[in-house]
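# A structural walkthrough
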Amino acid sequence: MDSEKLPEFFYEIFDASLPRLGPGDEASTLKALKMLYPDEPRHRDKTAVRPTRILDIGCGNGAQTLVLARHLEGSILAVDNHQPFLDELRRRAVAAGVSGRIRTALRDMRSLTQSDGPFDLIWSEGALFVMGFHAGLAACHSLLTPGGGLAASELCWLRPDPPAECRQFFATVHPAMTDIETNLAAVRTCGYEIVEYFPQPESAWWEPYYHPIEERLRLLRPRHAGAVDNLALIEHMQKEIDIYRQYSAFYGNVFYVLRRR
Ligand SMILES: C[S@@+](CC[C@H](N)C(=O)[O-])C[C@H]1O[C@@H](n2cnc3c(N)ncnc32)[C@H](O)[C@@H]1O
């Protein structure tokens with residue numbers, strides 16, 4: 001979803017009113033947050049500071065930003081390169097009474113530099129792939145304070161033997177997709193300690209993400225009956241959903257919960 005390469009019609013499918021713009025759910029966001037900042041004093045890492053400066057990269061319409069704002073006291077810089085998503089985030093933040101601690105910025109994530117930071121916590125759900133997961137880890141490292149937390153979810157192979165149809169689909173749409181071990185190796189190379197990692201449940205794909213998108217596809221199909229390119233995009237998105245319906249055991253969205261060494 002790097003908007004530089006996207007046709008305008010893409011944003012008719014991925015309308016800002018959708019609950020969220022990638023797989024994920026509140027329970028997974030909170031699980032990752034608790035891993036970084038456990039409440040129990042006996043678990044508390046003495047070097048870990050509660051975050052006051054937080055960066056949300058590829059925040060979209062703010063599904064995870066709002067969870068962070070409700071559970072942390074710090075201020076959040078929420079970055080995305082699509083203004084309608086940021087407008088919706090702001091609307092939701094106002095409704096939730098947390099807008100005072102969220103600043104939105106229409107930015108290319110690749111333009112973030114040390115002068116924007118440093119941050120105590122960086123969050124990125126389903127967005128570091130835009131830079132490439134490895135490059136994204138390196139970029140975040142330079143933006144974090146030592147001991148700062150990074151929580152990022154990334155599409156990964158969960159099994160080494162995906163059927164040909166599934167493998168071929170991702171060879172086209174996400175050729176850089178790799179397995180958990182390869183990502184963990186990148187994590188270590190980039191100077192992080194692994195706090196934990198976990199695949200999100202399948203429900204985090206369906207209820208907040210694929211079901212609402214499927215509903216949009218159903219509405220858009222008749223409206224774009226004569227528009228070949230738009231219909232192709234609709235069916236491509238449907239194919240992605242059908243691939244997940246059939247092959248969800250073979251890949252997933254894995255949350256990496258890390259701390260800068
Ligand atoms: C898969 S969506 C995830 C959005 C949100 N984190 C969520 O889980 O609902 C990826 C997000 O990254 C944003 N994005 C894509 N390319 C970007 C770029 N170069 N700079 C900043 N944001 C970008 C998209 O607009 C989109 O909101």
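Throughout what follows, the structure given in this document is the object of discussion. Remember, it's a predicted structure, so these values are computed and weren't measured experimentally.

Reading the values: the criteria
Residues numbered from 1 in each chain as written. Predicted model: local features only at pLDDT ≥ 70, side-chain atom pairs only at ≥ 80, totals over all residues. Heavy atoms only, no water. Axes fitted to C-alpha atoms, helices over the stretch in contact; angles between N-to-C directions. Helix = DSSP H or I, 4+ residues; strand = E, 2+ residues; numbered from the N terminus. Parallel < 35°, antiparallel > 145°, perpendicular 65-115°, else oblique. Left-handed = near helix turned anticlockwise from the far one by under 90°. Contact = heavy atoms within 4.5 Å. Nonpolar A, V, L, I, M, F, W, Y, C, P; charged D, E, K, R; others polar. Buried < 20%, exposed > 50% of the residue type's maximum accessible area, 1.4 Å probe, protein only. Arc of directions from axis to C-beta. Right-handed = clockwise from strand over helix to strand, strands pointing away. Salt bridge = Lys/Arg side-chain N within 4 Å of Asp/Glu carboxyl O. Disulfide = S-S within 2.5 Å.

Here we take up the packing of helix 2 (residues 26-36) against helix 3 (residues 63-71). What describes two packed helices is the angle between their axes and the distance between those same axes. Two elements in contact, helix 2 and helix 3, have axes separated by 10 Å at closest approach and are oriented at 50°. The orientation of helix 2 with respect to helix 3, classified from their angle, is oblique. Judged by the twist between their axes, the crossing of helix 2 over helix 3 is right-handed. Residues Glu26, Thr29, Leu30 and Leu33 of helix 2 lie in contact with helix 3, whose contacting residues are Gln64, Val67, Leu68, Arg70 and His71. Classifying every residue of the contact of helix 2 with helix 3 gives four nonpolar, three polar and two charged.

What follows deals with helix 2. By the burial criterion, the buried members of helix 2 are Ser28, Thr29, Ala32, Leu33 and Leu36. One face of helix 2 carries all of its buried residues, which in axial projection span an arc of 135°. Where helix 2 is buried, its residues meet helix 3, strand 4 (119-125), strand 5 (144-157), strand 7 (192-199) and strand 8 (251-260).

Attention now goes to the pairing of strand 1 (residues 53-57). Counting buried positions over the five residues of strand 1 gives four, a clear majority of the element. Assessed by its sense of winding, the connection that carries the chain from strand 1 through helix 3 to strand 2 (residues 75-80) is right-handed.

Scanning all chains against the criterion turns up 13 salt bridges. A salt bridge links arginine 20 to glutamate 125, with the shortest nitrogen-to-oxygen separation between them at 3.0 Å. Separated by 105 residues along the polypeptide, arginine 20 in the loop between helix 1 (10-13) and helix 2 and glutamate 125 in strand 4 bring together distant segments of the chain. For the residue pair arginine 20 and glutamate 125, the accessibility class agrees, reading buried in each case. For arginine 245, the salt bridge goes to aspartate 242, with nearest N and O atoms at 3.1 Å. Highlighted residues: arginine 245 and aspartate 242, both in helix 9 (residues 228-247), separated by three residues, approximately one helical turn. Given a relative accessible area of 44%, arginine 245 falls into the partly exposed group.

Using the criterion set out here, one finds zero disulfides in the structure. For cysteine 59, which is in no disulfide, the shortest distance to another cysteine sulfur is to cysteine 140 and amounts to 14 Å. On the basis of relative accessible area, cysteine 59 is assigned to the buried category, the value being 3%. Its sulfur unpaired, cysteine 190 is 9.6 Å from the next cysteine sulfur, which belongs to cysteine 140.

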